[in-house]
Amino acid sequence: MSDCLFCKIVAGEIPATVVRQTDHTLAFRDIAPKAPVHVLVIPKAHHPDLAALATADPGLAGQVLATAAAVAEAEGLAAGGYRTMFNSGRHGGQEVFHVHAHVFGGAPLGPMLAI
Ligand code: 5GP
Ligand code: ZN
């Protein structure tokens, strides 16, 4: 999608600090990290949110999860633990409508939700 921020990162039109990629997934550091380690994992193909991805291509959804786990391992988070999160829609606080998993870690992350 030509007006999608993360599609532009996939295309190399907007720079990002890439930490891992596969044929179909890309992982890069969040521009405004909310934890010592904060990486976003996306499918290279555009799907707006988790439901759309899971419906259109569940295999690709699995590849996103596998890349998230590989990032956690490579970033040294596996032993101490980490958190993965998909925001969807308005109540979920989704800001970028190209599905992405957040991978947070590097310190105790506190309660699951603050509402
Ligand atoms: P959401 O709220 O949609 O779940 O998360 C979007 C995330 O994208 C936010 O954590 C935000 O900091 C991050 N983000 C927004 N613009 C950019 C950008 O241009 N580059 C990178 N690396 N991250 C971005
Ligand atoms: Zn996109």
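As a reminder, the structure under discussion sits directly above these lines.
Residues numbered from 1 in each chain as written. Chains lettered and ligands numbered in written order. Predicted model: local features only at pLDDT ≥ 70, side-chain atom pairs only at ≥ 80, totals over all residues. Heavy atoms only, no water.

Participant: Help me understand the nonpolar core in this model?
Facilitator: As a rule of thumb, soluble globular proteins bury nonpolar side chains together. Core analysis: the largest hydrophobic core is formed by 15 residues, its most contacted members being V39, V41, L53 and V103. Setting aside residues up to four positions removed in sequence, V103 forms contacts with V37, H38, V39, V41, A68, A72, L77, Y82, R83 and T84. Membership of the second largest hydrophobic core comes to 9 residues, among which are C4, L40, I42 and V96. (Core = buried A, V, L, I, M, F, W, Y, C linked by side-chain atoms within 4.5 Å. Buried < 20%, exposed > 50% of the residue type's maximum accessible area, 1.4 Å probe, protein only. Contact = heavy atoms within 4.5 Å.)

Participant: Looking at this structure, how should I read the layout of surface pockets?
Facilitator: Vacant regions in the atomic arrangement are exposed by a probe of water-molecule size rolled over the atoms. Its boundaries defined by the atoms lining it, the largest pocket holds a volume of some 810 Å³. Lining the largest pocket are 33 residues, with D30, K34, H38, L40 and H102 positioned closest to its centre. Counting residues per element, the ones that place at least two in the lining of the largest pocket are α1 (5-11), β2 (25-29), β3 (37-43), β4 (82-85), α4 (89-92) and β5 (101-105). Among the elements that take part in the lining of the largest pocket, α1 stands out by supplying 3 residues, more than any other. Across the lining of the largest pocket, the residue classes break down as 19 nonpolar, 9 polar and 5 charged. (1 Å grid on protein atoms, 1.4 Å probe; cavity = no way out; pocket = protein on both sides within 12 Å on 5 of 7 lines; lining within 4 Å. Points joined across faces, edges and corners; volume = space filled by probe spheres on them. Helix = DSSP H or I, 4+ residues; strand = E, 2+ residues; numbered from the N terminus. Nonpolar A, V, L, I, M, F, W, Y, C, P; charged D, E, K, R; others polar.)

Participant: It is not clear to me how the coordination of the zinc ion (ligand 2) should be interpreted in this structure. Could you clarify?
Facilitator: Six octahedral donors around a metal ideally make angles of 90 or 180 degrees; four tetrahedral donors ideally make 109.5 degrees. The protein atoms donating to the zinc ion (ligand 2) are C4 (SG), C7 (SG), H46 (ND1) and H98 (ND1), with metal-donor distances spanning 2.1 to 2.3 Å. Viewed at the metal, the 4 donor atoms of the zinc ion (ligand 2) are separated by angles of 106 to 117°, and the geometry they form is tetrahedral. All donors of the zinc ion (ligand 2) belong to a single chain; written as a sequence motif, their spacing is C-x2-C-x38-H-x51-H. Taken together, the residues span a long stretch of sequence, with C4 in the segment before α1 and H46 in the loop between β3 and α2 (50-56) at a distance of 42 residues. For H46, a relative accessible area of 22% puts it in the partly exposed group. (Donors = N, O, S within 2.8 Å, 3.2 Å for Na, K, Ca; no water. Tetrahedral: all angles 85-135°; square planar, octahedral: opposite > 155°, others 65-115°.)

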